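Residue strings, one per chain:
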There are 2 protein chains.
Amino acid sequence: MIKKLSHMGFAVKDLDAAVRLYHDVFGLRPLHRWHAADDGMEAVSFQVGDVEIELMQPTTEDSPIARFIAKRGEGIHHVAYKVDDVGEALHKAAEAGVETIDKQPRRGGDGKTRVGFLHPKSTMGVLTELEQDVDRSP
Amino acid sequence: MIKKLSHMGFAVKDLDAAVRLYHDVFGLRPLHRWHAADDGMEAVSFQVGDVEIELMQPTTEDSPIARFIAKRGEGIHHVAYKVDDVGEALHKAAEAGVETIDKQPRRGGDGKTRVGFLHPKSTMGVLTELEQDVDRSP
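Scope of this entry: the structure provided in the associated data block. What you see is a predicted model, and the numbers here were worked out from it, not measured in a lab.

Conventions adopted
- Residues numbered from 1 in each chain as written.
- Chains lettered and ligands numbered in written order.
- Predicted model: local features only at pLDDT ≥ 70, side-chain atom pairs only at ≥ 80, totals over all residues.
- Heavy atoms only, no water.
- Contact = heavy atoms within 4.5 Å.
- Buried area = accessible area lost by both parts, 1.4 Å probe.
- Salt bridge = Lys/Arg side-chain N within 4 Å of Asp/Glu carboxyl O.
- Polar contact = N/O pair within 3.5 Å; in protein donor to acceptor, adjacent residues only side chain to side chain.
- Helix = DSSP H or I, 4+ residues; strand = E, 2+ residues; numbered from the N terminus.
- Nonpolar A, V, L, I, M, F, W, Y, C, P; charged D, E, K, R; others polar.
- Pairing = 2+ DSSP bridges.
- Buried < 20%, exposed > 50% of the residue type's maximum accessible area, 1.4 Å probe, protein only.
- Least-squares fit on C-alpha atoms with pLDDT ≥ 70 in both.
- Arc of directions from axis to C-beta.

## Re the interface of chain B and chain A
Counting residues at the interface gives 39 residues for chain B, matched by 39 residues for chain A. Summed over both sides, the interface between chain B and chain A buries roughly 3,100 Å², with carbon and sulfur atoms accounting for 71% of that surface. Viewed at the interface, chain A and chain B are joined by zero salt bridges. Put simply, chain B and chain A have five residue pairs in polar contact (both at pLDDT 80 or more) between them. If you list the elements that add at least two residues to the side of chain B that touches chain A, you get strand 1 (2-11), helix 1 (15-25), strand 4 (51-58), strand 5 (75-83) and helix 3 (86-95) of chain B. Ranked by residue count, the leading element in the side of chain B that touches chain A is strand 1 of chain B, at seven residues. In the side of chain B that touches chain A, the residues fall into 26 nonpolar, six polar and seven charged.

Here you go:
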């Protein structure tokens with residue numbers, strides 16, 4: 001089911017300070033910076049080996065990242081893995097008794113993926129995203 | 001400084017239940033199971049791509065993992081990255097104003113690495129481990 005790690009998402013209060021740490025100190029290469037209005041966040045991604053790190057700063061007070069920080073403080077928000085078929089993976093997880101946040105795959109924020117989340121109460125506290133690359137071939 | 005992601009450590013209450021999730025549902029391959037008496041934990045590692053996941057269950061009430069779970073619940077405990085020289089990396093981080101838990105590298109739990117930790121209050125809430133493979137050549 002899980003093929004590889006895709007990315008980790010970190011919730012931060014100050015995106016610029018976080019970028020300075022990951023770029024200036026850790027020496028990682030920024031890939032993209034984007035504003036996800038629907039998710040109420042601004043984010044910067046970094047490449048580390050074949051995995052990405054996403055630093056996410058809330059831009060609205062009621063966004064999921066803002067609520068996460070209010071409840072738990074800054075830190076690791078979610079871990080995402082590549083799967084071949086996210087619909088099948090969600091179905092298999094649900095059949096095994098894992099509570100899924102998404103019953104059906106939905107479009108990833110970047111439009112290049114289909115994703116589904118597993119609920120942290122079924123995954124030992126780790127908000128787990130399953131991600132499938134969208135086939136763009138004709 | 002950071003070359004690649006090495007592993008993520010997840011704090012769990014029930015190691016056997018966690019292993020069932022990562023093996024039976026996620027289909028990941030267990031690598032090792034070990035008891036780290038000094039750290040008061042039992043752990044199982046899994047391979048996912050070229051990264052490892054470590055599931056860690058406390059075996060004593062006052063172990064770091066037990067205290068983490070008591071304070072924050074189950075979840076992601078730390079993220080570890082490979083560096084070429086952990087002593088130099090700790091020094092560089094400290095010079096940049098990052099608080100380090102370890103002032104000098106120490107021996108990793110598996111004896112094959114030298115490691116040092118950065119304090120989460122300097123790394124946006126992420127307990128960050130820097131890890132150097134020990135050169136075993138003569």
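Okay, back to it.
## Observations regarding the side chain of threonine 128 of chain B
Here threonine 128 of chain B shows up in strand 8 (residues 128-133). Side-chain polar atoms of threonine 128 of chain B contact the backbone oxygen of valine 126 of chain B, separated by 2.8 Å. Other than its neighbours up to four places away in sequence, threonine 128 of chain B contacts Phe26 of chain A together with Val79, Tyr81, Gly116, Phe117, Leu118 and Thr123 of chain B.

## Observations concerning the sheet that holds strand 3 (residues 41-48) of chain B
Residue and element names in this part refer to chain B. Strand order in the open sheet formed by eight strands is 2-3-4-1-5-8-7-6, with mixed pairing between adjacent strands. Among the strands making up the open sheet, the edge pair consists of strand 2 (29-36) and strand 6 (106-107). Pairing between strand 2 and strand 3: seven bridges, direction antiparallel. The residue bridging histidine 32 from the neighbouring strand is serine 45, located in strand 3.

## Remarks on the pattern of salt bridges
Counting across every chain of the model gives 16 salt bridges over all chains. The closest approach of N and O atoms between arginine 33 of chain A and glutamate 42 of chain A, which form a salt bridge, is 3.0 Å. On the accessibility criterion, arginine 33 of chain A (45% relative accessible area) is partly exposed. When its relative accessible area of 25% is taken as the criterion, glutamate 42 of chain A is described as partly exposed. A salt bridge links glutamate 131 of chain B to lysine 82 of chain B; its shortest N-O distance comes to 2.6 Å. Remark: lysine 82 of chain B occurs in strand 5 and glutamate 131 of chain B occurs in strand 8; sequence separation between them is 49 residues. Of the two residues, glutamate 131 of chain B and lysine 82 of chain B, both sit in the buried class. Among the charged side chains, a network of salt bridges with common partners joins Asp16, Arg33 and Glu42 of chain A.

## Some points on the relation of the copies chain B and chain A
Once turned by 180° and shifted 0.0 Å along the axis, chain B lies on chain A with an RMSD of 0.0 Å. Taken together, the turn and the small shift mark the pair as related by a two-fold rotation axis. No C-alpha of chain B approaches the rotation axis more nearly than that of isoleucine 76 of chain B, which lies at 3.5 Å.

## Some points on the environment of glutamate 61 of chain A
Residues and elements named next belong to chain A. With respect to the secondary-structure elements, glutamate 61 resides in the loop between strand 4 (51-58) and helix 2 (64-72). A relative accessible area of 80% means that glutamate 61 is categorised as exposed. Distance in space between the C-alpha atoms of glutamate 61 and valine 19 is 21 Å, their sequence separation being 42 residues.

## Remarks on helix 3 (residues 86-95) of chain A
Here helix 3 of chain A has its buried residues at Val86, Ala89, Leu90 and Ala93 of chain A. When helix 3 of chain A is viewed along its axis, its buried side chains cluster within an angular range of 100° and face the same direction. Projecting away from the buried face of helix 3 of chain A at angles above 90 degrees are the exposed residues Glu88, His91 and Glu95 of chain A. For helix 3 of chain A, the secondary structure elements touched by its buried residues are strand 5 (75-83), strand 7 (113-118) and strand 8 (128-133) of chain A together with helix 1 of chain B.

## Examining the environment of glutamate 74 of chain B
Topologically, glutamate 74 of chain B is positioned in the loop between helix 2 (64-72) and strand 5. Looking at glutamate 74 of chain B, its side chain comes within polar contact range of the main-chain nitrogen of lysine 13 of chain B, at 2.7 Å.

## Digging into the pairing of strand 1 (residues 2-11) of chain A
Two faces, one strand: in a regular strand the side chains alternate between the faces of the sheet. Residue and element names in this part refer to chain A. Counting buried positions along strand 1 yields eight of ten residues, so the element is predominantly enclosed. The pairing of strand 1 with strand 5 spans eight bridges and is classified as antiparallel. Residue pairing for strand 5: alanine 11 is matched across the bridge by glycine 75. Bridge count for strand 1 against strand 4 is five bridges, and the pairing is parallel. Looking across to strand 4, one finds that methionine 8 is bridged to isoleucine 53.

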